[in-house]
Amino acid sequence: MKPIRPPSGKFVLSFLNLRSARSPHCLRTNSQQCRTFLRPQRPSIRAVENLNINRMRTESYDYYVRRRTFLLCGVVSGVVGICYTSYLLVQRLRKPKKFDSGLPDKLDPFSTEAGSKRKTVVHDGDGKELVPTGNSTVPMFPRLVDLAVGAEEGQEKVNGVEYTLVGLGVRTVSFLGIQVYMVGYYIATQDIAAIQSRLVKEINPIATTLVPNEKDELRKALLDPEKGEKLWNDILQEVKPRSLFRVVPTRDTDFHHLRDGFVRAITARSQGNSREYGDQAFGEAMKEFRSLFNRGKVQKGRELILVRDAAGRLTITFDDGKTGMGTIGRVSEERVSRLLWLNYLAGSKVASEPARQNIVEGIMEFVERPVGTVATQVV
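Quantities reported herein were computed from a predicted structural model and do not represent experimental measurements. (Residues numbered from 1 in each chain as written. Predicted model: local features only at pLDDT ≥ 70, side-chain atom pairs only at ≥ 80, totals over all residues. Heavy atoms only, no water.)

Considering the overall build of the protein
The condition that has to hold: By the criteria applied, helices consist of DSSP H or I runs no shorter than four residues and strands consist of E runs no shorter than two, each listed in order from the N terminus. Throughout this description, buried means an accessible area under 20% of the type-specific maximum (1.4 Å probe, protein chains only), exposed means over 50%, and partly exposed covers the range between. By definition, residues are in contact when any of their heavy atoms lie within 4.5 Å. Areas reported as accessible are Shrake-Rupley estimates using a 1.4 Å probe. Residue values count occlusion only from the protein chains shown.
The number of helices and strands found in the protein is 11 helices and 12 strands. The buried share among the 379 residues of the protein stands at 38%. Counted over contacts in the protein with a minimum sequence separation of 6, partners at least 24 positions apart contribute 62%. Surface accessibility of the protein: about 24,000 Å² in total, with carbon and sulfur atoms responsible for 54%.

This is how it looks when you write it as structure tokens:
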């Protein structure tokens, strides 16, 4: 009987390899990752065993910081947007409401589609009628002004006299065109009919209103240096309408500068007629006129009103911003106020050519309507 030999080493290895290959665990995994008796287990490459906790914590912190910063920027942007929108709404509500909404913003405020000059009237929040000036510092002038100054004895002392705006413009100095003040010419509403009648009769003695070609003839007469001055001089002396000039500085100035401009204008017109203006009474009136302006500063936006009553007396009022509108003084000499008025209305050289042109266009509005109907017109 032959003795049984123990299995050789090669046979044992083959048996073990065959058994390992048939193992269910090895069927489910990669053969290179199977652990055998003679081969050590390789390190696993699963992600869960290679996590860097510190790096994950840093990335998470950075993510939430960025998220918080983004949300904070969104909140700030929203608040800024709401505040800016509210500001625009408030500014829009504070502006006067334009009933003539068809006019473009950059259009001449006194021009119409037909080409004629006509005042554009807007209304503020209180319903007050305003006329745009085209000036950024003094943007509006009231269409109507009520003053007790100029009322006749025993009449209208409570409610004052109502004055209607005829025209306005800016006063400039030097070749640079530096703006000094805005000036508007007002006539007592009750006296407009008398001026209408006088101007219409100047062109057509039998008419009550003027047709377009007659209006052009009157416009040329008013703009002519000699004819215009004679016509306005006759109106001021014969018709004697109550009127005023409203002066509002566009920059800070003082009474002395205003006085110098007024005095130079009056002197220039009086020097050519020494027979009428060379007497002592006129000289004393001019001294009295100068003394009224011995005052201080005039801030921009403060109104100075020069009022001429039916007798030709000149009254000067000023709003100092503290005590309100008050009377500075009066000059009884009619010639002083008449020459001062002509400085704006007629002649070869006026204080404000834009104002003179616009006043003439305002007169055209009067004469195109029947006499006596301007005071009752609806704007």
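With respect to the pairing of strand β4 (residues 144–147)
So the rule is basically this: Pairs of strands are assigned from DSSP output, requiring at least two bridges between the strands.
On β4, burial follows the alternation: V145 and L147 on one face are buried, whereas L144 and D146 on the facing-out side are not. By the bridge criterion, four bridges tie β4 to strand β5 (residues 161–173) in an arrangement that is antiparallel. Note on β5: the bridge partner recorded for V145 is Y163.

Remarks on the pattern of salt bridges
Here is the rule: The salt bridge criterion pairs a side-chain nitrogen of Lys or Arg with a carboxyl oxygen of Asp or Glu, the two atoms within 4 Å.
Across all of its chains, the model carries 20 salt bridges by this definition. Look at the salt bridges and you will find they share partners, linking R198, E202, K230, D234 and E238 into a network.

Side note on helix α3 (residues 53–94)
Heads up, the rule is: Multiply 1.5 Å by the residue count of a helix minus one, and that product is the helix's expected span. Polar contacts, as counted here, are pairs of nitrogen or oxygen atoms within 3.5 Å of one another; within protein the pair requires one atom able to donate a hydrogen and one able to accept it, and residues that are adjacent in sequence qualify only if both atoms are side-chain atoms.
Here α3 spans 62 Å end to end across 42 residues, near enough to the 62 Å set by a 1.5 Å rise per residue. One side-chain oxygen of the residue at the start of α3 lies 3.3 Å from the amide nitrogen of N54, identifying that residue as N52.

What about the sheet that holds strand β11 (residues 314–319)?
Selection rule: Lines are fitted to the C-alpha atoms to define the axes, a helix being fitted only along its stretch in contact, and any angle between axes, read from their N-to-C directions, falls within 0 to 180 degrees.
The antiparallel open sheet is built from seven strands, whose spatial order is β4-β5-β6-β7-β10-β11-β12. Of all strands in the sheet, those bounded by a partner on one side alone are β4 and β12 (325–331). Neighbour to neighbour, the strand axes of the sheet diverge by 30° on average, direction disregarded. Relative to β12, β11 is paired through six bridges, and the arrangement is antiparallel. Each bridged residue has a counterpart across the sheet, and for T315 the counterpart in β12 is R330. Running over the sheet, helix α9 (residues 280–291) touches β11 and β12 and is turned about 160° from β12.

Quick notes on the packing of aromatic side chains
Just so we agree on the cut-off: Centres within 6.5 Å make a pair out of two Phe, Tyr or Trp rings, where for Trp the six-membered ring is used; the pair is then stacked when the planes are under 30 degrees apart, edge-to-face when over 60, and tilted otherwise. Note on geometry: a ring has a charge over it if NZ (lysine) or CZ (arginine) is within 6 Å of the ring centre and within 35 degrees of the ring normal.
All chains considered together, the criterion is met by 10 aromatic pairs. Geometrically, the ring pair formed by F255 and F318 is edge-to-face, given 5.0 Å between the ring centres and 75° between the ring planes. Of this pair, F255 sits in helix α7 (residues 255–270) while F318 is found in strand β11, placing the two residues 63 residues apart along the sequence. Accessibility assignment for this pair places F255 and F318 in one class, buried. What links up through ring pairs into an aromatic cluster is the set Y185, W232, F245, W341 and Y344. For the cation-ring pair, R246 lies above F141, with the distance from its terminal atom to the ring centre recorded as 4.5 Å.

Brief notes about the sheet that holds strand β2 (residues 129–132)
Spatial ordering of the open sheet is given by β1-β2-β3, a layout of three strands whose pairing is antiparallel. A single partner strand is all that each edge strand has here, and the edge strands are β1 (122–123) and β3 (140–142). Two elements, β2 and β3, share three bridges in a ladder whose sense is antiparallel. Among the inter-strand pairings, V131 is bridged to a residue of β3, identified as F141.

Digging into the packing of helix α5 (residues 212–223) against helix α11 (residues 353–367)
Just so we agree on the cut-off: Should the near helix be turned counterclockwise from the far one by less than a right angle, the crossing is left-handed, whereas a clockwise turn marks it as right-handed. Note on residue categories: nonpolar means Ala, Val, Leu, Ile, Met, Phe, Trp, Tyr, Cys or Pro, charged means Asp, Glu, Lys or Arg, and polar means any other residue, Gly included.
Contact pair α5 / α11: the axes reach a minimum separation of 10 Å and the direction vectors enclose 145°. The interaxial crossing formed by α5 with α11 has right-handed handedness. The segment α5 lies against α11, with K215, L218, R219, L222 and L223 engaging R356, Q357, V360, E361, I363, M364 and V367. A breakdown of the residues in the contact of α5 with α11 according to their chemical character gives seven nonpolar, one polar and four charged.

Here we look at the nonpolar core
This is how it is decided: In this description, a nonpolar core means a group of buried Ala, Val, Leu, Ile, Met, Phe, Trp, Tyr and Cys residues linked to one another through side-chain atoms lying within 4.5 Å.
The biggest cluster of nonpolar side chains holds 57 residues, and the ones touching the most others in it are L218, W232, F262, F289, L304 and I363. Those residues in contact with L218, other than ones at most four positions away along the chain, are L199, I203, L210, L231, I363, M364 and V367. Core analysis: the next-biggest nonpolar cluster, separate from the first, contains 18 residues, V121, Y186, V248 and I305 among them.

Describing the environment of S270
Relative to the elements of secondary structure, S270 occurs in helix α7. With a relative accessible area of 11%, S270 lands in the buried category. Residues S270 and R335 lie 65 residues apart in sequence; the distance between their C-alpha atoms is 9.4 Å. In this structure S270 touches Y277, F282 and L339, once residues within four positions along its chain are discounted.

Here we look at the confidence of the model for the protein
As a reminder of what qualifies: A score from 0 to 100, pLDDT tells how confident the predictor is in each residue.
For the protein, the mean per-residue pLDDT works out to 79, and 75% of the residues sit at or above 70. Of all secondary-structure elements in the protein, the lowest mean pLDDT belongs to helix α2 (residues 24–28), at 45, while strand β7 (residues 243–249) reaches the highest, 93. Across residues 20–32, confidence stays below pLDDT 50; counting only partners more than four residues off in sequence or on other chains, it has six contacts. Contacts for the low-pLDDT stretch residues 98–116, under 50 throughout, to residues beyond four places or in other chains number 25 contacts.

Observations regarding α5
The test is simple: To obtain the arc, one takes the directions from the helix axis to the C-beta atoms.
Compared with the 16 Å implied by 1.5 Å per residue over 12 residues, the 17 Å span of α5 between its first and last C-alpha is a close match. The set of residues buried in α5 consists of E214, K215, L218, A221 and L222. Viewed along the axis of α5, the buried residues span an arc of 120°, placing them on a single side of the element. Relative to its buried face, α5 has exposed residues pointing more than 90 degrees away, namely P212, N213 and K220. For α5, the secondary structure elements touched by its buried residues are α4 (192–203), α6 (225–239) and α11.

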